[in-house]
Protein chains: 2
Amino acid sequence: MRDNRISNAVIRRLPRYRRILEELVAKDIERISSNELSALTGYTASQIRQDLNNFGGFGQQGYGYNVQSLFTQIGLILGLDRDYRMVIVGCGNLGQAIANYATYYKRGFRITAMFDVNPKLIGIKINDIEVQDYEFLEKYLAENEIEIGIICTTKNSAQDVANKFTEGNVKGIWNFAPADIEVGEGIVLENVHLSDSLNTLAYFISHQERP
Amino acid sequence: MRDNRISNAVIRRLPRYRRILEELVAKDIERISSNELSALTGYTASQIRQDLNNFGGFGQQGYGYNVQSLFTQIGLILGLDRDYRMVIVGCGNLGQAIANYATYYKRGFRITAMFDVNPKLIGIKINDIEVQDYEFLEKYLAENEIEIGIICTTKNSAQDVANKFTEGNVKGIWNFAPADIEVGEGIVLENVHLSDSLNTLAYFISHQERP
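Because the structure is predicted, anything quoted here is derived from the model rather than measured.

Caption draft 1: Layout of the packing of helix α2 (residues 34-41) of chain A against helix α3 (residues 45-53) of chain A. All names here are of chain A. With their axes 8 Å apart at the nearest point, α2 and α3 run at an angle of 105° to one another. With respect to α3, the element α2 is oriented roughly perpendicular. Taken together, the residues of α3 that come into contact with α2 (itself represented by Ser-34, Asn-35, Leu-37, Ser-38 and Thr-41) are Ala-45, Ile-48 and Arg-49. Among the residues making up the contact of α2 with α3, the classes are represented as three nonpolar, four polar and one charged.

And the structure:
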């Protein structure tokens, strides 16, 4: 079950901490203070200390945080100490972009199959994965344990795909279609609403310009 | 200048309200209560009333909110009563996906030019826009007023593109590259960190599974 003691807001900050720590690891930086982390993350030092205290407080006064250890522990908390098998439905530009992204940037997240309804896409290979006819999705999910279903279809097809993913017992759905879909109980839904992001950008641009 | 009375958290909820109201408008639904909006948005009714009060309180007790009016007013607040000219750098699958998305789903956000360094992409047309050589970006930005620069390059090229956008006086940058980039003062930066979204999904999946 979900750990209710930790708020979603904290959870949503963890990937950012981890991303920044990853860069510090790559630069061979061994330790970091909450003040330095503040400068890098944009969160306040007290917010950072409070966030990290949620997980047992990895910092030491006068020393700060051990970068490698904090990076590893946040990865463990996020559930990144295991592999996730993923299936993409919708293999147009967006689906192919997500496949490339996962393949080149996301170790531990593995695309195992891709599906589309478009005869022009069925049969082509994307990073060695052959695009299959969408009608075989159900069978594939019945025969393979898949953690994450990724929706890269148009708005109108998204709910149908979500239903198939629900019936096929995926654990989570990563939705890129600009649609508010419903998923079965116990299935985690993560929407990437590009529209919300772009509209927020428009807000800040137009409010910067106004005197 | 940015209106500091309204918190960023509220601003980030507005696109979601607007998206849901847009669907209600399409279904010819005329009015809605904060309780009904709560069921559709997942925010509490009191949160919704509080959020919308920030903008002068469009609701009326016993009537609720006029859907069309609320939709229009949120659009005005978000700065959607005008056009935004956008330029994409990086025209691989991701850049093409964003171009299609903007063209088909986002009225008011217009791609005016696309750039890449790859000779295989330079010269091809994407929705009637010909991909230009990246070396012409500087000149293009000097000759055209562009509000939004979109970065769809690899991680390593992102900062260089951001610098060119900064020098070219874009108002905002929409960054899809998995990199923490720096932008000039007064320029709005909106990152789409797919990694953060996927890692959050992994967290909730792994914590659902643990007893």
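Caption draft 2: Spotlight on the sheet that holds strand β5 (residues 125-126) of chain A. All names here are of chain A. Strand order across the open sheet formed by seven strands is β5-β6-β4-β3-β7-β8-β9, with mixed pairing between neighbours. Edge strands, defined here as strands with exactly one partner in the open sheet, are β5 and β9 (188-191). Of the strands in this sheet, β3 (84-89), β4 (109-116), β5 and β7 (148-151) are in contact with helix α5 (residues 93-105), which crosses β4 at around 165°. Across the sheet, helix α7 (residues 158-167) is in contact with β3, β7 and β8 (172-175); its angle to β7 comes to roughly 170°.

Caption draft 3: Quick look at the domain arrangement of chain A. Here chain A is described as being made up of domain 1 (8-78) and domain 2 (84-196). Averaged C-alpha coordinates put domain 1 of chain A and domain 2 of chain A at centres separated by 32 Å.

Caption draft 4: Structural detail: the relation of the copies chain B and chain A. For the pair chain B and chain A, the superposition axis carries a translation of 0.0 Å, the fit reaches an RMSD of 0.0 Å, and the rotation angle comes to 180°. Between the two chains, the operation in question is that of a two-fold axis. Closest to the rotation axis within chain B is the C-alpha of Asn-93 of chain B, separated from it by 2.3 Å. Comparing interface residues between copies, 100% of those in chain B also sit at the interface in chain A, which points to an isologous, same-surface contact.

Caption draft 5: Expanded view of α7 of chain A. All names here are of chain A. Looking only at α7, the buried set comprises Ala-158, Val-161, Ala-162, Lys-164 and Phe-165. Buried residues of α7, viewed axially, fall in a sector of 160°; they line one side. On the buried face of α7, the contacting elements are β3, α6 (137-143), β7 and β8. Of the residues flanking the end of α7, it is Asn-169, one or two places downstream, whose phi is positive at about 65°.

Caption draft 6: Inspection of the interface of chain B and chain A at higher detail. Every contact between the two is made by 48 residues of chain B and, on the other side, 48 residues of chain A. At the level of elements, α1 (8-26), α5 (93-105), β8 (172-175), β9 (188-191) and α8 (194-209) of chain B are the ones that each hand at least two residues to the side of chain B that touches chain A. It is α8 of chain B that contributes the most residues to the side of chain B that touches chain A, 16 residues altogether. Classifying every residue of the side of chain B that touches chain A gives 23 nonpolar, 13 polar and 12 charged.

About the criteria used
Residues numbered from 1 in each chain as written. Chains lettered and ligands numbered in written order. Predicted model: local features only at pLDDT ≥ 70, side-chain atom pairs only at ≥ 80, totals over all residues. Axes fitted to C-alpha atoms, helices over the stretch in contact; angles between N-to-C directions. Helix = DSSP H or I, 4+ residues; strand = E, 2+ residues; numbered from the N terminus. Parallel < 35°, antiparallel > 145°, perpendicular 65-115°, else oblique. Contact = placed C-beta atoms within 7 Å. Nonpolar A, V, L, I, M, F, W, Y, C, P; charged D, E, K, R; others polar. Pairing = 2+ DSSP bridges. Domains from an automatic or database assignment. Least-squares fit on C-alpha atoms with pLDDT ≥ 70 in both. Buried ≥ 20, exposed ≤ 12 C-beta atoms within 10 Å, placed from the backbone. Arc of directions from axis to C-beta.

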